[in-house]
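In case you want the letters, here they are:
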Amino acid sequence: MIYDYTKSVLEKVSFDPDLFMKELKKAIKKLLPYEVEHLRNWLVYYTNINPQLKPCLVLVTED
């Protein structure tokens with residue numbers, strides 16, 4: 001449920017890459033590890049549609 005809410009928030013703020021990055025950082029802190037993995041997969045798809053957000057992928061690919 002939190003995962004779906006997170007995606008919804010990220011979609012709503014996707015007009016501003018800085019705000020998107022801020023919300024993504026908050027989401028990563030709150031989500032469970034398997035939810036972060038799902039979010040990573042969704043982000044790959046979503047950033048293909050919105051290339052201006054590609055720099056945000058760095059947050060979910062760090063190990």
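As a reminder, the structure under discussion sits directly above these lines.
Residues numbered from 1 in each chain as written. Predicted model: local features only at pLDDT ≥ 70, side-chain atom pairs only at ≥ 80, totals over all residues. Heavy atoms only, no water.

### What about the nonpolar core?
Across soluble globular proteins, nonpolar side chains have a tendency to be buried as a group.
Step number 1: With 17 residues, the main nonpolar core has Leu10, Phe20, Leu24, Leu39, Trp42 and Leu43 as its most contacted residues.
Step number 2: Contributions of two or more residues to this core are made by α1 (2-12), α2 (17-30), α3 (33-49) and α4 (57-61).
Step number 3: Apart from the residues lying within four places of it in its own chain, the contact partners of Leu10 are Phe20, Glu23, Leu24, Leu39 and Trp42. (Core = buried A, V, L, I, M, F, W, Y, C linked by side-chain atoms within 4.5 Å. Buried < 20%, exposed > 50% of the residue type's maximum accessible area, 1.4 Å probe, protein only. Helix = DSSP H or I, 4+ residues; strand = E, 2+ residues; numbered from the N terminus. Contact = heavy atoms within 4.5 Å.)

### Focus on the environment of Tyr46
Step number 1: When you line up the elements, Tyr46 lands in helix α3.
Step number 2: Between the C-alpha atoms of Tyr46 and Asp4, which are 42 residues apart in sequence, the distance is 14 Å.
Step number 3: Residues within four places of Tyr46 in sequence aside, it is in contact with Glu11, Ser14, Phe20 and Leu53.

### Some thoughts on α2
Step number 1: Relative to the 20 Å expected for 14 residues at 1.5 Å per residue, α2 spans 20 Å between its end C-alpha atoms, a close match to the ideal helical length.
Step number 2: Within α2 the residues assigned to the buried category are Phe20, Glu23, Leu24 and Ala27. Down the axis of α2, the buried set is contained in an arc of 105°. They therefore lie on one face. Exposed residues lying more than 90 degrees from the buried face of α2 are Asp18, Lys22 and Lys29.
Step number 3: Where α2 starts, the residue carrying a side-chain oxygen 3.0 Å from the main-chain nitrogen of Asp18 turns out to be Asp16. (Expected span 1.5 Å × (residues − 1). Arc of directions from axis to C-beta. Polar contact = N/O pair within 3.5 Å; in protein donor to acceptor, adjacent residues only side chain to side chain.)

### Some words on the packing of aromatic side chains
Step number 1: Across all of its chains, the model carries two aromatic pairs by this definition.
Step number 2: Judged by centre distance (4.6 Å) and plane angle (15°), the rings of Trp42 and Tyr46 are stacked. Of this pair, Trp42 and Tyr46 both sit in helix α3, four residues apart, roughly one helical turn. Like Trp42, the residue Tyr46 is buried in the burial classification. (Phe/Tyr/Trp six-rings, centres within 6.5 Å; stacked < 30°, edge-to-face > 60°.)

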